[in-house]
Amino acid sequence: MRRTVPALLCLIFLLPQTAGAQAQQAVAAVVEPAGTGIPETGRIGFRVMRDEAEIGTHEVRFNRDGERLTVEVDIDLNVTFLGMSLYRYRHRAQESWAGGRLVALQTTTDDNGERHEVSGRARPDGFVVRTATGETAFPANAMPSSHWNRAWLEGRPLINTQTGQRIDFAVRPLGSETVATASGIKSAEHFAISGDLRKDIWFDAAGQWTATRFKAPDGSTISYLRK
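Attention now goes to the overall build of the chain. Across its full length, the chain carries 1 helix and 16 strands. Here the chain holds 227 residues, and 48% of them are scored as buried. Summarising the internal contacts of the chain: among those between residues at least 6 apart in sequence, 49% fall at separations of at least 24.

Printed below as a string of structure tokens:
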């Protein structure tokens with residue numbers, strides 16, 4: 001399966017209060033929040049399908065405290081054959097946002113026995129990601145590859161929440177379509193993503209993540225059915 005599955009982060013770290021006014025203005029210029037698409041229920045959930053078989057779930061939970069936002073992501077996948085597990089994937093992530101900007105990130109991933117840990121925090125002039133292999137500096141407007149905030153479709157720098165690497169991608173809008181959800185058929189905007197990230201993704205009129213579809217390495221189709 002594609003290794004660019006998103007995930008998120010942990011404790012809230014506020015930006016340093018001692019940062020110079022010039023640096024703070026530079027950050028403010030790039031972090032104006034777009035429509036974040038957070039539902040009133042504070043939760044987005046998907047059933048994950050491999051062709052016609054359900055293989056797991058993908059859950060995103062939101063908790064607001066004033067201008068601070070904590071986002072938690074749980075992904076649990078298990079591909080089986082004749083009762084035997086062929087592939088397991090477990091991802092846990094926590095993102096912290098303040099004033100529309102990502103300020104902290106923490107993720108753990110078990111990709112069929114291969115383990116990854118990613119952490120990151122904001123600095124006045126950027127965002128630094130740490131993994132077992134070192135640090136990577138991102139611009140201040142970087143976003144995690146958790147997909148829920150459609151602002152990443154604007155081409156903002158995208159952090160792979162499993163590996164900590166940068167994802168290079170392009171977006172092609174395909175217009176409005178109807179998509180199936182557990183609560184019925186809904187209208188949503190379709191976007192085709194290419195580059196390091198190859199998938200189709202849909203967002204409804206409220207900016208909420210509604211569906212996803214992509215090809216697994218074995219040729220099967222992975223699709224997300226909104227609960």
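Bridge count for strand β3 (residues 68-81) against strand β4 (residues 84-98) is 14 bridges, and the pairing is antiparallel. Its bridge partner lying in β4, D76 is registered against R90. Between β3 and β4, which pair antiparallel in sequence order, lie 2 residues; one of them, L82, sits at a positive phi of approximately 55 degrees. With 10 bridges connecting them, β4 and strand β5 (residues 101-111) associate as antiparallel partners. Residue pairing across strands places A93 opposite T107, the latter belonging to β5. Where β4 hands over to β5, the hairpin turn is made up of 2 residues, of which G99 adopts a positive phi near 60 degrees.

Procedures and definitions
- Residues numbered from 1 in each chain as written.
- Predicted model: local features only at pLDDT ≥ 70, side-chain atom pairs only at ≥ 80, totals over all residues.
- Heavy atoms only, no water.
- Helix = DSSP H or I, 4+ residues; strand = E, 2+ residues; numbered from the N terminus.
- Buried < 20%, exposed > 50% of the residue type's maximum accessible area, 1.4 Å probe, protein only.
- Contact = heavy atoms within 4.5 Å.
- Pairing = 2+ DSSP bridges.

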